[in-house]
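Structure at a glance
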Amino acid sequence: MAIQTDLNIIHCDLDAFYAAVEQRDNPSLRGRPVIVGGRPDSRGVVATCSYEARVYGVKSAMPLAEARRLCPEAVFLPVDMKRYGEASRQVFEIFSRFTPDIEPLSIDEAFLDVTGSLCIFGSAEKIAWDIKKAVLNEAGLIISTGISYNKFLAKLATDLGKPDGMKIIRREEATHVLSLLPVSRLWGVGTKTQQILKRMGIETIGDLAVTPPDILEKHLGQAGMFFRELAHGIDNRKVETDREVKSMGREITFDEDIDDRHQLEACLLQFSYLLGRRLRRTKLEARTVTIKVRYHDFKTVNRSKTLDGYTASSTVLYETALFLLRKLGQGRGRIRLIGLSVSNLRSFEGLEQFSLFKNESVSRSEELLDQINDRFGEDTIITANLLPYREK
Ligand code: DCP
Ligand code: MG
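Residues numbered from 1 in each chain as written. Chains lettered and ligands numbered in written order. Predicted model: local features only at pLDDT ≥ 70, side-chain atom pairs only at ≥ 80, totals over all residues. Heavy atoms only, no water.

1. Structural notes on the packing of aromatic side chains
Applying the stated criterion across every chain yields a total of eight aromatic pairs. Both rings, one in F227 and one in F298, keep their centres 5.4 Å apart while their planes meet at 85 degrees; by these two values the pair is edge-to-face. Of the two residues, F227 is situated in helix α12 (residues 222–231) and F298 in the loop between β10 (284–295) and β11 (300–311); the sequence distance between them amounts to 71 residues. Classification of F227 by relative accessible area gives buried; the value is 0%. Judged by relative accessible area, which is 14%, F298 ranks as buried. (Phe/Tyr/Trp six-rings, centres within 6.5 Å; stacked < 30°, edge-to-face > 60°. Helix = DSSP H or I, 4+ residues; strand = E, 2+ residues; numbered from the N terminus. Buried < 20%, exposed > 50% of the residue type's maximum accessible area, 1.4 Å probe, protein only.)

2. Remarks on the coordination of the magnesium ion (ligand 2)
Of the protein atoms, only D13 (OD), L14 (O) and D108 (OD) coordinate the magnesium ion (ligand 2), at distances of 2.0 to 2.3 Å. Geometry at the magnesium ion (ligand 2) is octahedral, judged from its six donor atoms and the angles of 82 to 177 degrees they form at the metal. As a motif over one chain, the donors of the magnesium ion (ligand 2) read D-L-x93-D. We note that D13, like L14, is buried. (Donors = N, O, S within 2.8 Å, 3.2 Å for Na, K, Ca; no water. Tetrahedral: all angles 85-135°; square planar, octahedral: opposite > 155°, others 65-115°.)

3. Focus: the pairing of strand β5 (residues 102–106)
Pairing of β5 with strand β6 (residues 109–113) involves four bridges; the strand directions are antiparallel. Note that in β6 the partner of P104 across the bridge is A110. Count of turn residues in the β5/β6 antiparallel hairpin: two residues. (Pairing = 2+ DSSP bridges.)

4. Quick word on the side chain of D13
Inspection of the secondary structure assignment puts D13 in strand β1 (residues 9–14). In contact with D13, other than residues within four places in its own chain, are D108, E109, I143, S144, T158 and K162. (Contact = heavy atoms within 4.5 Å.)

5. Here's the deal with the sheet that holds strand β4 (residues 75–77)
On the basis of which strands lie adjacent, the open sheet formed by three strands has the order β3-β2-β4 and mixed pairing. Either end of the sheet is taken by a strand with one partner, and the two such strands are β3 (48–49) and β4. Bridge count between strand β2 (residues 34–36) and β4: three bridges; the pairing is parallel. Across the sheet, the residue bridging to V36 is L77, located in β4. Each of β2, β3 and β4 touches helix α1 (residues 17–25); the most contacted strand, β2, lies at about 120 degrees to it. (Axes fitted to C-alpha atoms, helices over the stretch in contact; angles between N-to-C directions.)

6. With respect to the environment of I142
Along the chain, I142 turns up in the loop between α6 (124–139) and β7 (143–148). Note on I142: relative accessible area 38%, which makes it partly exposed. Put simply, I142 and D164 are 22 residues apart on the chain and 6.1 Å apart in space, counted from C-alpha to C-alpha. Sequence-distant contacts of I142, defined by excluding residues within four places in its chain, comprise L14, D15, L136 and D164.

7. Overview of the pattern of salt bridges
Enumeration according to the criterion identifies 20 salt bridges in this entry. Its salt-bridge partner being E93, residue R97 comes within 2.9 Å of it at the nearest N-O pair. A relative accessible area of 37% means that R97 is categorised as partly exposed. Across the pair D257 and K192 runs a salt bridge, and its minimum N-O distance is 3.4 Å. Here K192 lies in helix α9 (residues 191–199) and D257 lies in strand β9 (residues 247–258), a separation of 65 residues in the sequence. Of the residues examined, D257 reaches a relative accessible area of 7% and is grouped as buried. In this structure K192 comes out as partly exposed when scored by relative accessible area, which is 40%. (Salt bridge = Lys/Arg side-chain N within 4 Å of Asp/Glu carboxyl O.)

So this is what it looks like as structure tokens:
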């Protein structure tokens, strides 16, 4: 049988991840609505819920109190990052048996480029089945997979096939599959863009695909051209592997564009904390800090600063990020995405044995904080300003 090299991207995403780990570890929860995020009388939000709870309209990021109103019989559980982290590592180890080209997107989600593995395993479909089997047998979890010839369509295939999906979108069927879907399925189209498109009479991806490019550009700028390509099933983004870490970053796209400085600063604080922690855990330090801001009109700007020395300190990252944000000034108004990344990395593993280097790029208080968090679970101690963001 000829190898079908065209279908080379697999997207994988665990079903109802945190809730599935809870149901796996406590059989009495299986088949029941389970909501993970904390007690229903707390001010937190839903991290996720089992598919049994989704029938009632419960969703991620919804206030727990609202989730209780919708589904009073649900079992509410706190977030237990330690167990989810272990499950995640186990699943990513399974991915790595099939290809080294893995782009992690979140704790339970990744793109796999299997171009180089097709001659060994035969087809992407076979690889996806093997992954599903191994994840179920070894980690006790259900993973949905989507296969296609680019990242956008592979992820869409996963989303369309969930739960327990294994959907393939072939090149010849892509435009047909896309045509009837709402524009919200396009990568990057949020509520604001949907409204603009609706006013233009565009509701489905098919509508968008046949809209002349100049009209799209007039209403949506550069973004319009990007959406048009996606609508035609074109996405040239490469799977970015983590094999040799050149940079690391975090970003968030807001549900609604914002211009609240405090909220932007709070995001940067959270990212600095997370990136600093990731640097320290992987024994890396960085010299360049970059913030990325995407405005409401999709115009994206990056601002970088290269420090005098290397750092793995969250505090230094945050101060630098704030400096860069201030330098940006008012910019082009409302913001849809903010991100922080660090690059120019080096390992400090070897240097550590020389006491001279110890603690240079990390303050003593941060070391202590890390030790406590390592020992008692992620986020046992966090900066006070981060409290509202803790359960997201
Ligand atoms: N998560 C969170 N807060 C959110 C969204 C997600 O804490 N606002 C956490 C809980 C999820 C995990 O991340 O279990 C993975 O996110 P997914 O979007 O993949 O959601 P699930 O895996 O829970 O469900 P599914 O992928 O089946 O839709
Ligand atoms: Mg998931």
